[in-house]
Amino acid sequence: MSGCPANLKANPLLSRWFRLDQQPVVGVRSGKVELGQGVSTALAMIAATELGLDIDQIDILPADTAHGPDEGYTAGSFSVEHGGAAIRWAAAQVRELAAQAAATVLGARADQLVVEAGQFRRPGHNEGVTYWHLHDRINLDVSALDLAAPVLHGGTIDNAQMQRPDLIGKLSGAGFIQDMTWPDLLHGRVLRPDHPQDRLMTCDEASARALPGVVAVVRDGHFAGVVAHSDEVALAAIALLRRSAQWERGAALPVDDGLNGWMDHATPVSTCFLDEAQPEKDCPIQHAARYSRPFIAHASIGPACAVAYWHDGQLQVWSHSQGIYPLRRQLARTFGLEAEHVNVTHAHGAGCYGHNGADDVVLDAALLARSVKAPVMCLWTRADELSWSPFGAAMRMELSAGLDANGQILVWNHAVWSPTHLARPGFGDGVNLLAAGDLAKPHARPPLADAPRPQGGGDRNAVPLYDVGARKITHHLLPQGPLRSSALRALGAHANVFAIESFMDELAGLAGRDPLEFRMAHLSEPRGRAVIEAVAKAADWTVNAPGGEGHGRGLGFARYKNLGAYCAVVAEVEVAETVRLVKVTAAVDAGEVIHRDGLLNQIEGGIIQAASWTLKEAAGWTQDGFKTRSWADYPILNFSEIPAINIVLVAPEGAASLGGGECAAGPVAAAIGNAVAHALGVRVRDMPLTPERITQAIHA
Amino acid sequence: MVTTQTSGIGVQSQNLIINGTEVNLSVDGEMPLLSVLRDRMDLKGSRIGCTEGYCGACTVLVDGKPVQSCNTPVWSVTGKAVTTIEAVDRHPVLAEVQRVFIGLQAAQCGYCTNGIMMTLAGLLSQSPRPDRAHIVAHLDERHLCRCGVHARVLKAIDQLLSHSERASA
Ligand code: FES
Ligand code: FES
């Protein structure tokens, strides 16, 4: 059926999405999961709008592979765009089915009825009939594709005061997967090495087993873990195992020089995916520069957690994964089960910004639970969280350009080197769950790959949105680096945009032009121009403002993935030894806004997290292993370092919703880099912009 | 009085006052208060974060002062009043803090939030009330947030301080 959203086409049974038997609410099940980003609220608002319900008449049910729709991963800022579109269409169809049933009951025509707070009425009549009263008259086991295209109400309920329903519970008590409890729940912990190339050979299992309260010590190949009656006992048993553990070290790690020097010795798979004919004209102005970012830790505030329970040959798990269906298939493959014999139920975890340890800990829990007859909760330690969760990939960008005498860019080259940004379980042939490679019968990792274009991984946002003449863009995908990498918020966009926008400022300087004016001279995309104009106005951008003296301002702009939300940022900094971020102004075009405060909250968080990456964060290693084992090794932005933040939302009338959680990452990094250069008169091209790097740049 | 038992090494009877209720537990005195609250008392609102004294997700009040419960052995709080987020209805300052946080939606995942709210409730109950700079310095030392909700938390602090000024004016 034309117009039916893709996620609904793939899961057309309406009963997968809605339940009407939960008087006095309607149950909604999305495949898009709450990761702390507030998406369940936006989806509830869309469903409420289309069904004619109040927001508190919607019950968002946990995503569940046995009952809900398969919407793949909750990632890439697609949840409202794709998941919301499917819910909207399906809800409108449910409303039409209910209206027909109500018409029969009320003896009226369906198109005469109004629906308000879940009740269908004839206009002017007080009595009516609700969804839940109609539930046994409505068959939701029908395919959306067999029904007519519904009339969409569109828009959203009035949301100025809208608060997230999930927060009040969490802010009063339990609410997370770590808080789940059953009378017979057992506690599991696993033993992981301190070095990325170490594998466990032997450990003294007997002494751990002898510890009172230990239920099982589980060994399978290089995997080891314990199950105990309490978490303290499990931890004590792991400590015993660690004391006696013998490790075998694989390849030595290259030296960590903080500048990705290890990339010089790695052999990439290179793809030049855009190569336009060079112009005949001369380029009297030429420039080239190299930029970098290190590996960045996911660093969730809560440790990865899962609960697993084996019964009758079936595996039930609870997980804060971003992709419960791909996870189900990976578990089935690991254990040689039919997918139907594995069920994954989503439970809320601490903030998730990409592929973290959520999936890996599920396999840990399942391996531990296999040896007992009760559910097992497995928790990671802080050290595991900061070293074994996948990292955001390190990147190196080399840019060069040629300009004519008037400062018009005629040639633009961008090459990016990076290990993969996409090693999520379920991509490619193989199993990408940490313990799977350690088992006595190990499962191979999928072959090297990165997120495919047009979204891209390491090459995400490598193509500038500007009119830059002949473009040559090359992606050098590196084999796995010293640290394991995968998707972290914005993937390659953070560093590619940092590089492109820094380079634009450098070129503007060479052409003797104001950075904003220089960008506008190279940008014809109207929505891009609109956000830059909006941010310039909101931040009071003065053309050719003098910098230096330690005070500076900088601009950064991108359209996320070149197909998502538009974002322009102005950063103001004061630089002495350290960079003090004074103010960040952002203009964002995320199309139609469903939940305004939720979107603002996501953008604010995106700004602060990206500022933290850009100014402070680097994960590294020594010959002894991971350098980041506790928060002391991995500082992030703290409260006194937070800038004033001002966000303006702009969007053309009727533009479709675009996700906003990731769009600020690149522009914020770039705006900070440019502001620092403006303040100092010299540029730091390697993230993070630490005091040492600032001092080095000044004295170079 | 609630009495619970468990087996283990170094187990002793501990008399605690948790959210106004006297509790007698047989646990190892070295057990972290956080584990006692979460695993023995089923009070899950104090979060398990780093368990190393850095992130503050586990913060509770002990005799009114904010304390990281993950590195506080239970023996050290015997006889003292322990307050967790679950007592929000009986602690007017905490209730006010929570009201302001909800009003400003000063959370994303909310995992760090209860600890931050406990710290603010503790500091704002002190007399004289500390100033903004003191509060922010305290948060810098003892709390982390990865979702980047800091700006809203600072807004919440400003609102709470202006309320209290009005109240004392
Ligand atoms: S869990 Fe106590 S400080 Fe992190
Ligand atoms: S709200 Fe998620 S860590 Fe603070």
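Residues numbered from 1 in each chain as written. Chains lettered and ligands numbered in written order. Predicted model: local features only at pLDDT ≥ 70, side-chain atom pairs only at ≥ 80, totals over all residues. Heavy atoms only, no water.

Notes on the nonpolar core
As a rule of thumb, soluble globular proteins bury nonpolar side chains together.
So, step 1. Ranked by size, the top nonpolar core spans 165 residues in total, and within it A:Leu315, A:Leu331, A:Ile672, B:Phe101 and B:Leu120 carry the most contacts.
So, step 2. Per-element tally for this core: the top contributor is helix α13 (residues 596-616) of chain A, with 9 residues.
So, step 3. Ignoring any residue separated from it by four or fewer positions in sequence, one finds A:Leu331 in contact with A:Leu315, A:Val317, A:Val342, A:Val344, A:Val362, A:Leu363 and A:Leu433. (Core = buried A, V, L, I, M, F, W, Y, C linked by side-chain atoms within 4.5 Å. Buried < 20%, exposed > 50% of the residue type's maximum accessible area, 1.4 Å probe, protein only. Helix = DSSP H or I, 4+ residues; strand = E, 2+ residues; numbered from the N terminus. Contact = heavy atoms within 4.5 Å.)

Overview of the sheet that holds strand β5 (residues 119-121) of chain A
Residue and element names in this part refer to chain A.
So, step 1. One open sheet holds the 3 strands; their spatial order is β4-β5-β6, and the pairing between them is antiparallel. Of all strands in the sheet, those bounded by a partner on one side alone are β4 (114-116) and β6 (128-130). Strand-to-strand, the axes of this sheet are offset by a mean angle of 30°, without reference to chain direction.
So, step 2. Contacts between helix α3 (residues 79-106) and the sheet are confined to β4, β5 and β6, with β5 contributing the most and set at about 50° to the helix. (Pairing = 2+ DSSP bridges. Axes fitted to C-alpha atoms, helices over the stretch in contact; angles between N-to-C directions.)

Points about the domain arrangement of chain B
Residue and element names in this part refer to chain B.
So, step 1. Per the domain assignment, the segments making up chain B are domain 1 (2-85) and domain 2 (88-168).
So, step 2. The C-alpha centroid of domain 2 is placed 22 Å from the C-alpha centroid of domain 1.
So, step 3. With 19 residues of domain 1 at the interface, the matching set in domain 2 holds 17 residues.
So, step 4. Summed over the shared surface of domain 1 and domain 2, the result is 0 salt bridges.
So, step 5. At the boundary of domain 1 with domain 2, the tally comes to 7 residue pairs in polar contact (both at pLDDT 80 or more).
So, step 6. The dominant element in the side of domain 1 that touches domain 2, judged by the number of residues it contributes, is strand β4 (residues 59-62), at 3 residues. (Domains from an automatic or database assignment. Salt bridge = Lys/Arg side-chain N within 4 Å of Asp/Glu carboxyl O. Polar contact = N/O pair within 3.5 Å; in protein donor to acceptor, adjacent residues only side chain to side chain.)

So, the sheet that holds strand β19 (residues 395-403) of chain A
Residue and element names in this part refer to chain A.
So, step 1. The strand order across the open sheet formed by 5 strands is β12-β21-β20-β19-β13, and the pairing between neighbours is mixed. Among the strands making up the open sheet, the edge pair consists of β12 (269-275) and β13 (285-293). Geometrically, the sheet is characterised by an average inter-axis angle of 10° between neighbouring strands, direction not taken into account.
So, step 2. The sheet contact formed by β12 and strand β21 (residues 470-478) spans 6 bridges and is antiparallel. Counterpart to valine 269 in the pairing with β21 is leucine 477.
So, step 3. Along the sheet, helix α10 (residues 493-511) makes contact with β13, β19 and β20 (409-419), crossing β13 at roughly 150°.

Some points on unusual backbone geometry
Glycine aside, residues mostly have negative phi, and peptide bonds are mostly found in the trans state.
So, step 1. Omega for the peptide link from A:Gln23 to A:Pro24 comes to 5°, which places this bond in the cis form.
So, step 2. Note that A:Pro24 resides in the loop between β1 (18-22) and β2 (25-28).
So, step 3. Geometrically, the link from A:Arg453 to A:Pro454 is a cis peptide bond, its omega value of 10° lying close to zero.
So, step 4. Within the fold, A:Pro454 resides in the loop between β20 and β21.
So, step 5. For A:Asn544, which is not glycine, the phi torsion reads 55° and is therefore positive.
So, step 6. Following the sequence through the fold, A:Asn544 ends up in the loop between α12 (526-538) and β23 (551-559).
So, step 7. One non-glycine residue with positive phi stands out, namely B:Thr51, at about 55°.

Concerning the domain arrangement of chain A
Residue and element names in this part refer to chain A.
So, step 1. Domain annotation for chain A reports domain 1 (6-159), domain 2 (178-249 + 304-379) and domain 3 (391-421 + 456-699).
So, step 2. Between domain 2 and domain 3, the C-alpha centre-to-centre distance is 38 Å.
So, step 3. With 9 residues of domain 2 in contact, the opposing surface of domain 3 contributes 12 residues.
So, step 4. Of the roughly 920 Å² buried between domain 2 and domain 3 on both sides combined, carbon and sulfur atoms contribute 43%.
So, step 5. Linking domain 2 with domain 3 are 2 salt bridges, by the criterion used here.
So, step 6. Between arginine 484 and aspartate 360 there is a salt bridge, and its shortest N-O distance comes to 2.9 Å.
So, step 7. On inspection of domain 2 and its partner domain 3, the count reaches 8 residue pairs in polar contact (both at pLDDT 80 or more).
So, step 8. Here the side of domain 2 that touches domain 3 is composed, by residue class, of 3 nonpolar, 3 polar and 3 charged. (Buried area = accessible area lost by both parts, 1.4 Å probe. Nonpolar A, V, L, I, M, F, W, Y, C, P; charged D, E, K, R; others polar.)

What to know about the interface of chain A and chain B
So, step 1. In this assembly, 54 residues from chain A lie in contact with 46 residues from chain B.
So, step 2. The three residues of chain A that bury the most area against chain B are A:Leu171, A:Ile301 and A:Phe639, which together make up 22% of that side's buried surface.
So, step 3. Applying the counting criterion to the chain A and chain B interface returns 6 salt bridges.
So, step 4. Residue A:Glu232 pairs with B:Arg40 through a salt bridge whose shortest N-O separation is 3.6 Å.
So, step 5. At the boundary of chain A with chain B, the tally comes to 26 residue pairs in polar contact (both at pLDDT 80 or more).
So, step 6. At the level of secondary structure, the elements contributing two or more residues to the side of chain A that touches chain B comprise α4 (165-170), α6 (231-244) and α13 of chain A.
So, step 7. If you tally residues by element for the side of chain A that touches chain B, the top one is α13(A), at 10 residues.
So, step 8. Broken down by class, the residue content of the side of chain A that touches chain B amounts to 24 nonpolar, 20 polar and 10 charged.

Brief notes about the environment of A:Arg553
Residues and elements named next belong to chain A.
So, step 1. As for its position among the elements, arginine 553 is in strand β23.
So, step 2. Residues arginine 553 and isoleucine 672 lie 119 residues apart in sequence; the distance between their C-alpha atoms is 7.8 Å.
So, step 3. Those residues in contact with arginine 553, other than ones at most four positions away along the chain, are Asp514, Trp541, Thr542, Val543, Asn544, Ala545, Ala571, Glu572, Asn674, Ala675 and His678.

Focus on empty space enclosed by the protein
So, step 1. This model, assessed by the stated rule, comprises 5 cavities of 30 Å³ or more.
So, step 2. Reported here for the largest cavity is a volume of approximately 80 Å³.
So, step 3. For the largest cavity, the full set of lining residues is A:Asn461, A:Val463, A:Pro464, A:Leu465, A:Tyr466, A:Val497, A:Ile500, A:Glu501, A:Phe557, A:Ala558, A:Arg559 and A:Asn562.
So, step 4. Broken down by secondary-structure element, the contributors of at least two residues to the lining of the largest cavity are α10 and β23 of chain A.
So, step 5. For the second largest cavity, the calculated volume is near 50 Å³.
So, step 6. Every residue along the wall of the second largest cavity is listed here: A:Gln37, A:Arg164, A:Leu167, A:His595, A:Asp597, A:Gly598, A:Asn601, A:Gln602, B:Gln105, B:Ala107 and B:Gln108. (1 Å grid on protein atoms, 1.4 Å probe; cavity = no way out; pocket = protein on both sides within 12 Å on 5 of 7 lines; lining within 4 Å. Points joined across faces, edges and corners; volume = space filled by probe spheres on them.)

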